[in-house]
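# Chains, contacts and geometry: an overview
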Amino acid sequence: MEKQTIQPFLSVANYHLIEQQMNKIINTHHTTKDKNVILAVKGLVETELSKNLELDPNQLIRIEQLYNMTDYTQGELYLERLKPYVIPFREVTVSNLKSLFKKEKKLKLPNLESIDFQHICYLTWDDVSTHRKYVVLEQREKLKAIKGNIDTKVIKGICAVCNRHSDVSLFTTKVKGQVTDTFTKYSNYICTDSKNCNENISDLQRLNDFFERVTH
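Nothing here was measured: the structure is a model prediction, and the numbers come from that model. (Residues numbered from 1 in each chain as written. Predicted model: local features only at pLDDT ≥ 70, side-chain atom pairs only at ≥ 80, totals over all residues. Heavy atoms only, no water.)

### Section: helix α2 (residues 35–52)
Between its first and last C-alpha, α2 extends 26 Å over 18 residues, near the 26 Å set by a 1.5 Å rise per residue. Buried within α2 we find Ile-38, Val-41, Val-45 and Leu-49. Here the buried residues of α2 occupy an arc of 75° about the axis, which is enough to place them on one side. Across from the buried face of α2, at angles greater than 90 degrees, the exposed residues are Asn-36, Leu-39, Leu-44, Ser-50 and Lys-51. (Helix = DSSP H or I, 4+ residues; strand = E, 2+ residues; numbered from the N terminus. Expected span 1.5 Å × (residues − 1). Buried < 20%, exposed > 50% of the residue type's maximum accessible area, 1.4 Å probe, protein only. Arc of directions from axis to C-beta.)

As structure tokens, then:
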């Protein structure tokens, strides 16, 4: 029998959404034995997933086991089995990054080999020496880039990218205006820990809105 080829169908944000909703079910099992409460939470999870995921019946079969998860060990194994169905962030090369930030003469590049592209919704890295942050995301099948200064001061607040309450720092970008030699500055509080920020994203719309807001 011919081996069936795995066809990825989940975005990274979809994967994070499934993980977050699965953890709600597991947390409920850890806090109560009331079957009605557990069923109610599963119902809320099902509503949330059906509202945000557009999947056909065969794809739904791949994720429905999350409703049977009762502990974190089970959950981790389930997520590992789900990873082959995740569409990774678009492949990025050193050449791509140099092209995106071609005006940066001393561009500090990230270690691309250390990045799990099945876990990121956007690529970002910092140049600590210059307090510069670089961000790359994919829009309409093209890589887009922004850069700005990241404040060293860390406070508690809501991240403009993932909309979660966390440790945030002020990220300021500068966009050239229509009038010669004029610039507009945009400042937003974003997660200090970009890895956590990426894992918090379950909807790419807010990320895209953030990008549009700081580049226009």
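### Examining the layout of surface pockets
Empty space among the atoms becomes visible once a probe the size of a water molecule is rolled across them. Empty space within the largest pocket amounts to approximately 860 Å³. In terms of lining residues, the largest pocket is bounded by 22 residues, among which Lys-103, Ala-145, Ile-146, Lys-147 and Lys-174 are the most central. For the lining of the largest pocket, the secondary structure elements donating two or more residues are α5 (94–100), β3 (142–150), β5 (165–176), β6 (183–191) and α7 (204–215). No other element matches the seven residues that β3 contributes to the lining of the largest pocket. Its boundaries defined by the atoms lining it, the second largest pocket holds a volume of some 350 Å³. Around the second largest pocket sit 18 residues that line it, and Ser-11, Val-12, Pro-88, Glu-138 and Leu-204 are the ones nearest its centre. (1 Å grid on protein atoms, 1.4 Å probe; cavity = no way out; pocket = protein on both sides within 12 Å on 5 of 7 lines; lining within 4 Å. Points joined across faces, edges and corners; volume = space filled by probe spheres on them.)

### Details of the packing of helix α1 (residues 12–31) against α2
Contact geometry of α1 with α2 gives a least axis separation of 9 Å together with a crossing angle of 175°. On the basis of the axis angle, α1 is roughly antiparallel to α2. Touching Asn-14, Leu-17, Ile-18, Gln-21, Lys-24, Ile-25, Thr-28 and His-29 of α1 are Val-37, Ile-38, Val-41, Lys-42, Val-45, Glu-48, Leu-49 and Asn-52, all from α2. Here the contact of α1 with α2 is composed, by residue class, of eight nonpolar, five polar and three charged. (Axes fitted to C-alpha atoms, helices over the stretch in contact; angles between N-to-C directions. Parallel < 35°, antiparallel > 145°, perpendicular 65-115°, else oblique. Contact = heavy atoms within 4.5 Å. Nonpolar A, V, L, I, M, F, W, Y, C, P; charged D, E, K, R; others polar.)

### A look at the pattern of salt bridges
By the definition in use, this model includes seven salt bridges. Across the salt bridge formed by Lys-133 and Asp-126, the nearest N and O atoms sit 2.9 Å from each other. For Lys-133, a relative accessible area of 2% translates into the label buried. Relative accessible area serves as the criterion here: at 32%, Asp-126 is assigned to the partly exposed category. Asp-167 is the salt-bridge partner of Lys-156, the closest N and O atoms lying 2.9 Å from each other. Separated by 11 residues along the polypeptide, Lys-156 in strand β4 (residues 155–158) and Asp-167 in strand β5 bring together distant segments of the chain. Here the salt bridges share partners, and the residues they tie into one network are Glu-104, Arg-132 and Lys-147. (Salt bridge = Lys/Arg side-chain N within 4 Å of Asp/Glu carboxyl O.)

### Considerations on the pairing of strand β1 (residues 123–127)
Where burial is concerned, most of β1 is hidden: four out of the five residues are buried. Taking the residues that link successive antiparallel strands as the turn, the β1-strand β2 (residues 132–139) hairpin has four residues, and the phi of His-131 there is positive, at about 60°. (Pairing = 2+ DSSP bridges.)

### Digging into the nonpolar core
Among the nonpolar cores identified, the biggest contains 43 residues, and Ile-18, Tyr-78 and Val-161 are the most heavily contacted of them. With near-sequence residues (within four places) excluded, Ile-18 lies in contact with Leu-10, Leu-49, Leu-53, Ile-63, Leu-66, Tyr-78 and Leu-82. Counting residues in each nonpolar core, the second largest holds 13 residues, with Val-92, Leu-107, Leu-112 and Leu-143 among its members. (Core = buried A, V, L, I, M, F, W, Y, C linked by side-chain atoms within 4.5 Å.)

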